[in-house]
Amino acid sequence: MPVHNSEIATIFDNVADLLEIEEANRFRVRAYRNAANTIRDLSRSLQNMLEEGEDLSELPDIGEDLAGKIEEIVRTGRLPLLDEISDEVPEAIVEATRIPGIGPKRARALFEALDLSSVDDLKEAAEEGRIAAIEGFGEKTQARIRKEINQGVIGGERIRLDVAEDFAEPLLEWICKIEGVAKAEIAGSYRRRKETVGDLDILVQGEDGGAIIDRFTKYDEVEEVASQGKTRSTVTLRSGLQVDLRVIPEPSWGAALHYFTGSKSHNIAGRRCAQDRGLKLNEYGLFDGKKRIAGTTEEEIYDGINLPWIDPVLRENRGEIEAADKGELPVLIKPADIKGDLHAHTTASDGKNSLEEMAQAAKEKGYEYLAITDHSKSQTQARGLSEDALHRQIDEIGALNDKLDGIRLLASCEVDILEDGSLDFPDKLLERLDLVVASVHSKLELAEDRQTERMIRAMDNPLVSIIGHPTGRRIGERKSCALDMERLLQAAKDRGCVLELNANPVRLDLKDVHCRMAAEKGVDIAISTDAHSTGGLGNMRFGIDQARRGWLATENIVNTRSWNNLSKIVRRN
DNA sequence: GCCGTTTTCGGCCCGACTGTTTTCAGTCG
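Residues numbered from 1 in each chain as written. Chains lettered and ligands numbered in written order. Predicted model: local features only at pLDDT ≥ 70, side-chain atom pairs only at ≥ 80, totals over all residues. Heavy atoms only, no water.

Caption draft 1: Summary view of a positive patch on the surface. A surface patch of positive charge is lined by R26, R30, K105, K264 and R272. Elements with a minimum of two residues in the positive patch: α2 (26–40) and α14 (264–276). The topology assignment puts K105 in helix α7 (residues 104–114). Assessed through its relative accessible area of 60%, K105 is described here as exposed. (Patch = residues over 30% accessible without salt bridge, like charges linked within 9 Å, V, L, I, M, F, W, Y side chains within 5 Å. Areas by Shrake-Rupley, 256 points an atom, 1.4 Å probe, with all protein chains shown as cover. Salt bridge = Lys/Arg side-chain N within 4 Å of Asp/Glu carboxyl O. Lys, Arg positive; Asp, Glu negative; His and termini not counted. Charge placed at Lys NZ, Arg CZ, Asp CG, Glu CD. Helix = DSSP H or I, 4+ residues; strand = E, 2+ residues; numbered from the N terminus. Buried < 20%, exposed > 50% of the residue type's maximum accessible area, 1.4 Å probe, protein only.)

Caption draft 2: Spotlight on the sheet that holds strand β17 (residues 498–502). Strand order in this open sheet of five strands is β14-β15-β16-β17-β18, and the pairing throughout is parallel. With partners counted over all chains shown, the strands left at the sheet margins are β14 (414–416) and β18 (525–528), one partner each. Sheet strands touched by helix α23 (residues 540–549): β17 and β18. Its angle to β18, the strand with the most contacts, is close to 145 degrees. (Pairing = 2+ DSSP bridges. Contact = heavy atoms within 4.5 Å. Axes fitted to C-alpha atoms, helices over the stretch in contact; angles between N-to-C directions.)

Caption draft 3: Summary view of the pattern of salt bridges. Applying the stated criterion across every chain yields a total of 35 salt bridges. Note that D460 and R495 form a salt bridge whose closest N and O atoms lie 2.6 Å from each other. Note that D460 is positioned in helix α20 (residues 448–460) and R495 in helix α21 (residues 485–495), a separation of 35 residues in sequence. Each of R192, E316, R318, D512 and R549 takes part in salt bridges that share partners, so that together they form one network.

Caption draft 4: Up close: the protein's contact with DNA strand B. Close to DNA strand B lie 46 residues, the nearest being R30, R106, G138, Q228 and R271. Interatomic distance of 3.5 Å between a side-chain N/O atom of K140 and a phosphate oxygen of DNA strand B. Contact between DNA strand B and R272: a phosphate oxygen at 3.3 Å from a side-chain N or O atom of the residue. Contributing elements (two or more residues each) for the surface near DNA strand B: α2, α4 (64–76), α7, α9 (139–151), β5 (222–228), β7 (242–248), α14 and β8 (280–282). Top element by residues in the surface near DNA strand B is α2. It accounts for five residues. Its residues assigned to classes, the surface near DNA strand B comprises 14 nonpolar, 13 polar and 19 charged. (Near = heavy atom within 4 Å. Polar contact = N/O pair within 3.5 Å; in protein donor to acceptor, adjacent residues only side chain to side chain. Nonpolar A, V, L, I, M, F, W, Y, C, P; charged D, E, K, R; others polar.)

Caption draft 5: Molecular detail of the state of the cysteines. Taken as a whole, this structure holds zero disulfides when the rule is applied. Not part of a disulfide, C413 finds its nearest cysteine sulfur in C497, a span of 15 Å. (Disulfide = S-S within 2.5 Å.)

Caption draft 6: Region of the structure containing the nonpolar core. Judged by nonpolar contacts, the single largest core of 64 residues is most densely connected at I467, L499 and I527. Residue contacts for I527: discarding those within four places in its chain leaves I333, I338, L501, A503, M540, G543, I544, A547, I557 and N559. Formed by 51 residues, the second largest nonpolar core is a distinct cluster that contains A9, I73, V89 and I149. (Core = buried A, V, L, I, M, F, W, Y, C linked by side-chain atoms within 4.5 Å.)

Caption draft 7: Looking closely at the UniProt feature "domain: Helix-hairpin-helix DNA-binding motif class" (unreviewed entry) in chain A. Under the UniProt annotation, "domain: Helix-hairpin-helix DNA-binding motif class" (unreviewed entry) lies at residues 54–73, 94–113 and 129–148. Along residues 94–113 the backbone is 65% helical and 0% strand, and the end-to-end C-alpha distance reaches 16 Å. (UniProt positions renumbered as here; feature names shortened; annotations may be inferred.)

Caption draft 8: Spotlight on the domain arrangement of chain A. Looking at the assigned domains, one finds that chain A contains domain 1 (5–150), domain 2 (159–248), domain 3 (253–325) and domain 4 (335–570). Here the C-alpha centre of domain 3 lies 23 Å away from the C-alpha centre of domain 2. Listed as interface residues are 16 residues of domain 2 and, on the opposing side, 13 residues of domain 3. Roughly 1,200 Å² is buried in total at the junction of domain 2 and domain 3, and carbon and sulfur atoms are behind 65% of that figure. Counting the surface domain 2 buries against domain 3, the share from its top three residues, R191, R192 and L203, is 53%. The interface formed by domain 2 and domain 3 holds two salt bridges in total. Close ionic contact of E298 with R191 constitutes a salt bridge, the shortest N to O distance being 2.8 Å. Contributing elements (two or more residues each) for the side of domain 2 that touches domain 3: β2 (183–186), α11 (188–191), β4 (200–205) and β7. (Domains from an automatic or database assignment. Buried area = accessible area lost by both parts, 1.4 Å probe.)

Caption draft 9: Representation of the packing of aromatic side chains. Evaluation of the coordinates by the stated rule reveals four aromatic pairs. On the numbers, 6.3 Å between centres and 55 degrees between planes, the contact of Y369 with W563 is tilted. Here the residue Y369 occupies a position in strand β12 (residues 369–372), and W563 occupies one in helix α24 (residues 563–570), the gap between them amounting to 194 residues. For W563, a relative accessible area of 13% puts it in the buried group. Positioned over the ring face of F137 is R106, at 4.7 Å from the centre of the ring. (Phe/Tyr/Trp six-rings, centres within 6.5 Å; stacked < 30°, edge-to-face > 60°. Lys NZ or Arg CZ within 6 Å of the ring centre and 35° of its normal.)

Caption draft 10: Expanded view of a negative patch on the surface. A surface patch of negative charge is lined by E91, E95, D120, E124 and E127. Within the residue set of the negative patch, elements represented by two or more residues are α6 (91–96) and α8 (119–127). Note that E95 resides in helix α6.

Caption draft 11: Broad picture of unusual backbone geometry. Following G262, the chain continues into S263 via a peptide bond in cis, with omega recorded as -5 degrees. Of note, S263 is situated in the loop between α13 (253–261) and α14. One non-glycine residue, R193, lies in the positive phi region at around 60 degrees. One non-glycine residue, D530, adopts positive backbone phi at about 60 degrees. By the secondary structure assignment, D530 is in the loop between β18 and α23.

See the structure below:
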């Protein structure tokens, strides 16, 4: 049974959580967390690395001990250490640490003082007023615990980037108008363009922090003010989104922007770089002793630790600091590089606009081409085209292209990959198309081997140009199907098949790490919107952000090429 | 538990805010 990196990382994170509750050495706890982060970001599967006899202790943050534990997990699917400490620490304490404001120490103190055995017991104790009586606890903590448990918000879900934008952009605009605010910017994972964000970190430049924050907490959509000081405040909006605001004086702006953009592990690595040079880096600046030597801009900060500015999308401590140090940062793809969109639907299947309307919208984006990829016949719920209907659409596109000026429609189809890997339309029909996108829409639950083989079999057909939304995931709704990504990428490379990076913010399929793996293997990527309306073409920017997070450059992306060049790549036969 | 131009020990990122107590630990980011 394949063991995935994410499972191993989760085991290590769980060990860290439990060790923390047991008050183990905090650096040992951190070692497990660091290892989990390293593992989560690896571009290769640990299982494969082991099978190929590689020494895992050469990986960063993995030493002899953890390498041995990984081997054990891969072999048995379990880690005895985790089983042992799981027995020692009641599950309810672990759950209690998910209440904001309750960490490992207080969770343990609560359960020991009150002799509780579940979170329900904790709720009961809070309602009966027994928590406030414990030394070190008080009324406020008790009220908070009661509220958090009743709201059932233990944990808190991450919000999709596009959803966060809907709340963030109007809020930012409003903040910019507060008196005394010189400028404002959203930092955090939002600025790094992660596919989901946990909260918003907003920085404002201004002098009178107390007044600015006071005004901020009066924003129309603020439901609760969790904390409020002179430089910092945390509120929750009615939408459930948590917003942290920090007021930054001008000389520290760059340092604060860098610090609060993160990621945390990028910052830690950055501070080590500073330490190596005998300097100290924090959110106020870069310091030589007590003297601030940089801080106004991010460029200054990086320059001070002898690095070029690193784009926020790369700041995940996935090797960007080392690459920057060697002058080997990728030249990332940018919106202006895109010459066309290779996945779009019309009213012929489940789209909302006609061929003409889609062509016009693509032209307005400055594109050279737009591929029309309506569904194939098996997709009855999406009004998939019959063979005759596709024949007719190909003729229609041909005729329309004669009339169109400055944009070319490509005759295409999003053909279903059937359960056995064969295609929903015969080759004879597909041969008439400019290119073919092949996607899986059914039987997403197949076992990893069968799912992987199914897609590889589809790629065996040289008429298939691009595999659409390869993993089928929908963020927050549906997990990725089980796929051996390394094998899939190798198969794509061997066959010259392109993989899609679906730019729909609900999909963003491939993930950033998969994009990076693809680039490392030399697999071409198409960033496509899968637009079902003219507005949907605008999702390209989410795909580009994702590609940039995956270190992709112009040359990795096929739809940065003119059709003359692109046609040679997508016509493999 | 990891790591090393300070290499087998002794370090390990850093500061704000809260709630509690009255000088600070815990938590968070």
